[in-house]
Amino acid sequence: EINGLVGAYSAARFGDVLYVTSWADQAIAILQVVEEHALRQIDTVKAGERLLSRFDDALAQPKTDVTQLPHRIGPADSWAFTARDSLQFVQNGNLYLVVAYSDPDRLSGDAANGRAVLSMWNDATNTFVQQQTIDTGGVSSLKLFNIERSGGQSDMYLAIGRTYGQDYIGGAIGVHKWTGSGFERHHTVAPSNGDVRSECTGGMSFLSVGGKHYLVAANIWDRSSCSGDSFVYVWQPGADRTGQGRFVLFDRVPTDSGADAVLGYLGGEELPVLLVANFQGVGQGSLGRVDVMSFDPENQNRVLIQTLLAYGPFDLEVFNIEGEGDFLAVASREVRTDTPATAMQAFDRVSFIYQWDTDERQFVLVQELGPGFTSIIQEKVGPSFAQAFCSNGCDISQENTLTVRGLRGATGFTVFQDGGEYYMLVAQSVCEPELSRSECSNTWAQPKSAVLQYNRVTKQFGELLSITDQENLRLRGMPVRDEAIRTHEYALRIDAGRAMKWDVIERNGKKILVSCSLDQGLVLYPWEFETITGLKGLIGVVQDPYTGSVFAASRGEGAFVEFRRRVPFDSVGAVSTSTCGPDSGLCVSFESAITPPTSSLAGARRIALRANRCSFSACEVVVTGGLRRDELLCGPAPISADADGLQCQRLTFLVQPQTVEAWDLFDSVPQIDAAGTLRFTPTQFVSGSAQVRVYLDEAGGSFAVGDGRLQTGPKMFTIDVLPVNNQPSLVVNDVFAYEGEGPVQYVFATQITAGPLEDSTQSVSFEVLAIDNAQLFVSPPQLNVRCSSGQCRGVMDATFTPLLFGNVTLDVVLVDDGPNRVYTGDVATSIVHRFTVVVRTRNSPPTFRFTRNVNADQAGGVYVVPGMVADVVLGGEEETNQDFTFSLAGVETLQGIWTGADLFTQFSLSRAGTLTFETVATHNGRFRITVGIQDDGGTEDGSEDSSESSFEVFVKPDRPRIAVQTSNDGFPPSLDVPDDGLRTFPGVFVFLDPELVEAEMNATFVLLSVTRRDIFSDQPVVNQDGSLTLGVQPFSGGQAEIQVQVVVSDPSNEFAQQTSEVITLVLNIVPAPRPPTFDLEPSVYAIENADVQRVRVARNLRAGFNQVLSFTVTVLEGNRIYEQLPSLDNDGWLTFKTLAGEHGISELSVQLLAQGGSIGELVAGEIKSLRIKAFPLPRVMSVAPRVGSMAGGYDLAVRGYFFGSAYSRDYGAAEYGGFTVTIGSTPCIQVTYVSDTELTCLVPAGLGEADVTVSIQDGIGPDRSGRLPAAVTQYGVYYGGIADEFSGGEVKFGPLARTSDGQLAPEAMGDDASIDGAVMAVANFLGKLHVGGNFRNVGGRRVNYVCDFQGGQAGAVALGGGLDGAVTAMLGWGGRLLVGGSFTRAFPNEPGGQTVLTGSLAQWDGSAWSRVGGRRVEGRVAVLVGNGTKVFVGGALRRGGVEGIAA
């Protein structure tokens, strides 16, 4: 069958090519004449085909309109070229888009930080406009969800996942809340207490289950810092600071680099299904997996359903195809490890599509996306990039395009629906995820991303189909024929760069593809295609012999159509028509359809080339019409009148019913189109006849009358809608029965119906077509239809053969009594239904009996009793080979006080009937023993495998026995006895052999011994009812023991006396509840500003036995003085801390509590008082005088506070002592108390500044002190000169004492150190006094004008050999002594040493002389002054012509 010839209208041959036009197919079929009478179809061009080759994905080409797609969204910043994920939502009629941007974190700058950006669609600019930067940092994934609040309202949230180890303020996921115009940060999801940089969020999924909300986050490995498991979080209401809730960790899912996760419901599943892609990526070629788990949040349980293996599963896409079910697409790719960087095989892994099998509850592989598909390199790349792309080999397409097999670098799948068709967008990219944009772009070229389409015939995704079913229905009234569905199949590849994900948005009725690319950013592509038009009502085809162009004219659309002779290559360089080879020259491609603007081709009859108008470049094409000028039918576009007033006409059929009721037979009323075709839709389940009138109207033309409308007379015809016998139907079910059962009835069919509207008029019955294993029935079963309350069921009456079991299969049909005519659609028989009757066998219970009862002695050891069992029956004859066992089922006490639960230490009954048992040595009495028998036939289907039988055992007592009953555990038994006098404890001793009393024997309790009788105020007595009476003296404590025995005697025999074993009872003497006591110190002293103080104030704590003590402390007054309130531990230690700067008196109350003891109650002791005195520290505020002599000996007044008063000392006195005053570290002399605010003392010798400290040590409170820093300054001055005009030089020091007029007078240093000349300079050098002047000797020692002066008998120490002239100035400077005067040289230390020519300025370093500076200073130096950085020299100087002052 040739495609495109339905409704063939014309044919035209040009050489060996034949063109055939068809009106029904609206197509042109191109055939090749291969023989005289043989044709081969080359191609078919149909109206409605999409021109897929014209899809525009170019970003680089200039756009004349800035709103034209495709175009990129975002600024020129580097981060805007790294889109990873996007999502869309609509609020208040506005379309919003959130985009996640991020480059790897090792890249510095904005690209490393990334963005999460919110944009809004602008219809005017046909693009998105940025509204908000939600967050910064590396963002990998997004998830939008709603959380319901009380009152039926809900809040919208956005989860933002981090990638490549970037911390999200303590977590890996940030949750933001919608405010109405943007998002604000709400909370951070922190999955672990560890380093959140180990968590890199891959895909996320959200699902609400049972009123709770769950967020799943896959944690992907980046081969660097990210690792670990994936996580499930649950929304915890009211957990955040605003009471709105937050996500908390719910479950940890073990994963190996979780690339993606999906949580949702699949067909037929009651519980959600959790899918996790374990990318693994440990090494190239290592298998990853997809874990399929059932998710039971109520029980916090995950059960692995299935594991799907794949190389590097990177993305999961779950989608549904209507009528087919749920599918899972797994995008597979890997990362390169040890292979060369140019190797691409890691990215050429096979991806998979699975379909969910609702019966098997698992995924079934339905398609491999592997070498059957083709990938190509992106546009405009250099040879080196192409060479790297083809490192593992490339194919050359028919168009010389470099191709590789498979969907290289499949990163993500997105499935969407449009016009009834399902499409799959494949995001493809190479480069490892951690490589930055620049690293990848500078080394590798990217593959283009594929767009696939679901083929309903093959049930698989393939390349794009040229025409859709929806378009074919519109044009031709039927879907595309199965055999023609792949005509012009086209491989579309989009140049999307390093694509990570696709999304699809819809605006103004049009879909737009959204690409997230790591090198192009976010790009919008238009999802729209031009289609082939102008082929309705084709009248003919002509071919230009010069250009090869083909032309056609259509009467139906009034269009002129042009085709070009060229090969139709698709995106991967393959020919989209298999029969049209690239070298045949016979391929035809649609170019355009032109509708003349000023005239119509409606009514066209012929198209031809005008022979005399041909040239070597082209021919003129002529289209002619065929109707009379006044009968021209109007086409789709009207034509204007010509000079003769020509008008067109329109013909329409008018269809009317004879009666209005006749139209009830139709859902769509009958209509006749212009071609005379009658169309209508009968109403379902309604039959009858309809009389119809038909009129033909024409409008326009030169013969029109009246309103220009003419109409024919009516023509009549009848439409008979015949009733149809609908096929009966039913639902069968299997039957489960038992062998030997019957006669019984089982329901094997329900929902029985003869057909719609036929149950009331038809009867139905069953017909058995086949039955196997019929011997399981005694006679053939009867199948009947039984109805009740409007419901009919299929009932099987049967009797089953005894001792036979198995399965019987019956094939049945339901037959009604209506007609059964295939040609009219009448069907009286249902489809064949098969059901199974399962005949099962039942297990009968085994039975037996005991032959006798058994007697035994108490503590009699092991008993073996043969022949205890008889008449063992295992059920029917078929059960004689079954195995069976006996077991102890129960023990019931018939006589005695012992329960039977622990009677036996050993019990067994063999298959031969031998009983072996041993009783507990302490038990006696009469017991009923129940034993069960069980076979191995099982209990399925109502079977029984066990029964029971009983016998009695009498255990005779050997001697009287006694027991102790107390609340204390342990051995020997003990009893707690309070030390509060006489008490009676009931039921302490119990006689265990009441049957001896019943035999009229007397039983008496006898107290044999008592220890520690002195503690009892009333000696112990054992009463005959087993109670114990005694009294214990208070505070006895410890333990006592009593021994008790029971004696049984026979009144008829005075010598017949039996005694029990002796029972020892320990009496624990416990104190009765009494208030505890203690001794308490009346006062505690502290000081202000002290650290935590711990003082023992409570002693001699006394309480009852085993009581736990504790104190309560209450501050009654003075609470303000504490930083830490007082507390008492159970050893009596008081702990508190005073508040800084606070002092005073605080009153406390203290009470001792006792918990536990004999009755466990809380007992409170008396309340006592405690006083805490916090002394103030003495405060030194001032001293007078502040300056004095270093010799001391003068009075000092010290003023301040808290030196001595009733408040500061806690006692009253006229004078207070117990204090010291120190200046620096030296005590002041003769300290005198003046008042609480003043003390006086005599100042000791000292030098320089010193602190003044007042310390109090009065033995009342803690030692305390106060200090005034730098309060006193003591000093001294050295004087040098001439004593008088008759004496030599003199050195004095002062002041040492005050003169009578109050002046501080200096005194001479060292009367014995005579100086034979004037002292003209003094200086402090290295802590020693040095003097210089016009002297030669000091104290009879030769020093030569300068010395280390020590005074007194010590005299002086020469500086080397001295100088040769007088010294008039000295200065200690930089560790040296500078000396100036009228000298010229310095003498050495030793005779014969080197003399130094110094000039009038020399320096002494402590051991030797030297000259100052490079040149000598000549003249006389009179003064030396230093300012810290320089020394200034003044005098009568002569050096270099400079005189006066020199520096």
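Residues numbered from 1 in each chain as written. Predicted model: local features only at pLDDT ≥ 70, side-chain atom pairs only at ≥ 80, totals over all residues. Heavy atoms only, no water.

**A few points about the nonpolar core**
Now for step 1: Met868, Leu915, Ile929, Val931 and Phe951 are the most contacted members of the largest nonpolar core, which has 25 residues in total.
Now for step 2: Looking at this core, the elements with two or more residues in it are β57 (847-850), β58 (854-857), β61 (884-895), β62 (904-909), β63 (915-919), β64 (925-935) and β65 (946-956).
Now for step 3: Of all the elements, β64 adds the most residues to this core, at four residues.
Now for step 4: When residues no more than four places from it in sequence are discounted, the contact partners of isoleucine 929 are Leu888, Gly890, Val891, Leu903, Phe904, Phe907, Ser949, Ser950, Phe951 and Val953. (Core = buried A, V, L, I, M, F, W, Y, C linked by side-chain atoms within 4.5 Å. Buried < 20%, exposed > 50% of the residue type's maximum accessible area, 1.4 Å probe, protein only. Helix = DSSP H or I, 4+ residues; strand = E, 2+ residues; numbered from the N terminus. Contact = heavy atoms within 4.5 Å.)

**Focus: the pairing of strand β13 (residues 183-189)**
Now for step 1: Within β13, five of the seven residues are buried, which leaves the element mostly enclosed by the surrounding structure.
Now for step 2: Of the strand pairs in this sheet, strand β12 (residues 173-178) and β13 are connected by six bridges, and their pairing is antiparallel. Note that in β13 the partner of glycine 174 across the bridge is threonine 188.
Now for step 3: Turn length for the β12-β13 hairpin, with the two strands adjacent in sequence and antiparallel, is four residues, and the turn residue glycine 180 shows positive phi of about 115°. (Pairing = 2+ DSSP bridges.)

**Quick look at helix α4 (residues 469-476)**
Now for step 1: Among all positions in α4, only Asp469, Glu471, Asn472, Leu475 and Arg476 are buried. Here the buried residues of α4 occupy an arc of 160° about the axis, which is enough to place them on one side.
Now for step 2: Of the surrounding elements, those touching the buried residues of α4 are β4 (38-46) and β30 (421-428).
Now for step 3: Downstream of α4 by one or two residues, glycine 477 has phi in the positive range, about 75°. (Arc of directions from axis to C-beta.)

**Thoughts on the state of the cysteines**
In protein structure, a disulfide is the covalent linkage between the sulfur atoms of two cysteines.
Now for step 1: Considering all chains together, one arrives at four disulfides under this definition.
Now for step 2: Shown here is the disulfide that connects cysteine 390 with cysteine 394, its sulfur atoms set 2.0 Å apart. When the S-S torsion is -90°, as for the bridge of cysteine 390 with cysteine 394, the disulfide is left-handed.
Now for step 3: Since its relative accessible area comes to 24%, cysteine 394 is described here as partly exposed. (Disulfide = S-S within 2.5 Å.)

**Notes on unusual backbone geometry**
Now for step 1: Cis geometry marks the peptide bond from leucine 69 to proline 70, where omega comes out at 0°.
Now for step 2: Along the chain, proline 70 falls in the loop between β4 and β5 (71-73).
Now for step 3: Omega for the peptide link from alanine 1184 to proline 1185 comes to -5°, which places this bond in the cis form.
Now for step 4: Note on placement: proline 1185 falls in the loop between β85 (1179-1184) and β86 (1187-1189).
Now for step 5: The phi dihedral of tyrosine 1345 falls on the positive side, at around 80°, and the residue is not glycine.
Now for step 6: If you trace the backbone, tyrosine 1345 turns up in the loop between β100 (1341-1342) and β101 (1346-1351).
Now for step 7: Residue tyrosine 1345 is classed as buried on the basis of its relative accessible area, which comes to 11%.

**Remarks on the pairing of strand β44 (residues 666-672)**
Now for step 1: The sheet contact formed by β44 and strand β45 (residues 678-682) spans four bridges and is antiparallel. Bridging from a neighbouring strand, isoleucine 672 pairs with leucine 678 of β45.
Now for step 2: Hairpin connection from β44 to β45: five residues lie between these consecutive antiparallel strands, with glycine 676 at a positive phi of about 90°.

**Considering the side chain of lysine 1168**
Now for step 1: Structurally, the position occupied by lysine 1168 is in strand β84 (residues 1162-1175).
Now for step 2: Only 2.3 Å separates the side chain of lysine 1168 from the backbone oxygen of phenylalanine 1078, close enough to count as a polar contact. (Polar contact = N/O pair within 3.5 Å; in protein donor to acceptor, adjacent residues only side chain to side chain.)

**Describing the environment of valine 815**
Now for step 1: Here valine 815 shows up in strand β55 (residues 806-816).
Now for step 2: Sequence separation between valine 815 and serine 830 is 15 residues, and the spatial gap between their C-alpha atoms is 6.4 Å.
Now for step 3: If we skip the residues at most four places from it in the chain, valine 815 touches Ser763, Val764, Ser765, Glu767, Ala828 and Thr829.

**What about the environment of isoleucine 396?**
Now for step 1: Along the chain, the position of isoleucine 396 falls in strand β27 (residues 395-396).
Now for step 2: Since its relative accessible area comes to 56%, isoleucine 396 is described here as exposed.
Now for step 3: Considered as a pair, isoleucine 396 and valine 572 are 176 residues apart in the sequence and their alpha carbons are 9.8 Å apart.
Now for step 4: The contact partners of isoleucine 396, leaving out residues within four places of it in the chain, are Thr401 and Leu402.

**Some points on the pattern of salt bridges**
Now for step 1: Tallied over the full model, the rule gives 45 salt bridges.
Now for step 2: Arginine 1171 is the partner of aspartate 1210 in a salt bridge, and the nearest nitrogen-oxygen pair spans 2.8 Å. Residue aspartate 1210 is located in the loop between α6 (1206-1209) and β88 (1219-1223), and its partner arginine 1171 is located in strand β84; the two are separated by 39 residues in the primary sequence.
Now for step 3: Given a relative accessible area of 18%, arginine 1171 falls into the buried group. (Salt bridge = Lys/Arg side-chain N within 4 Å of Asp/Glu carboxyl O.)

**A short note on the sheet that holds strand β26 (residues 374-376)**
Now for step 1: Spatially, β26-β28-β27 is the arrangement adopted by the three strands of the open sheet, whose pairing is antiparallel. Either end of the sheet is taken by a strand with one partner, and the two such strands are β26 and β27.
Now for step 2: For β26 and strand β28 (residues 402-405), the ladder comprises three bridges, and the chain directions are antiparallel. Looking at β28, one finds that isoleucine 376 is bridged to threonine 403.

**Some thoughts on the packing of aromatic side chains**
The way to describe two aromatic rings as a pair is by their centre distance and the angle between their planes.
Now for step 1: One pass over the full model with this rule turns up 55 aromatic pairs.
Now for step 2: With a centroid separation of 5.0 Å and an interplanar angle of 80°, the aromatic rings of tryptophan 121 and phenylalanine 128 are classed as edge-to-face.
Now for step 3: The buried category is assigned to tryptophan 121, whose relative accessible area is 6%.
Now for step 4: Each ring, one from phenylalanine 1078 and one from phenylalanine 1111, has its centre 5.3 Å from the other, and the planes form 80°; the classification is edge-to-face. Separated by 33 residues along the polypeptide, phenylalanine 1078 in strand β76 (residues 1077-1080) and phenylalanine 1111 in strand β80 (residues 1107-1117) bring together distant segments of the chain. Take phenylalanine 1078 and phenylalanine 1111: they sit in the same class, and that class is buried.
Now for step 5: Ring pairs connect the aromatic residues Phe55, Phe416, Tyr423, Trp527 and Phe529, which therefore count as one cluster.
Now for step 6: A cation over an aromatic ring shows up here: arginine 72 above the ring of phenylalanine 81, its NZ or CZ 3.9 Å from the ring centre. (Phe/Tyr/Trp six-rings, centres within 6.5 Å; stacked < 30°, edge-to-face > 60°. Lys NZ or Arg CZ within 6 Å of the ring centre and 35° of its normal.)

**Here we look at the confidence of the model for the protein chain**
Now for step 1: The share of residues in the protein chain with pLDDT of 70 or more is 87%, and the mean pLDDT across the chain is 84.
Now for step 2: Note on residues 701-708: pLDDT under 50 across the span, and 13 contacts to partners over four residues away in sequence or across chains.
Now for step 3: Across residues 1440-1447, where pLDDT falls below 50, the model places 14 contacts with residues more than four positions away in sequence or in other chains. (pLDDT = per-residue confidence, 0-100.)

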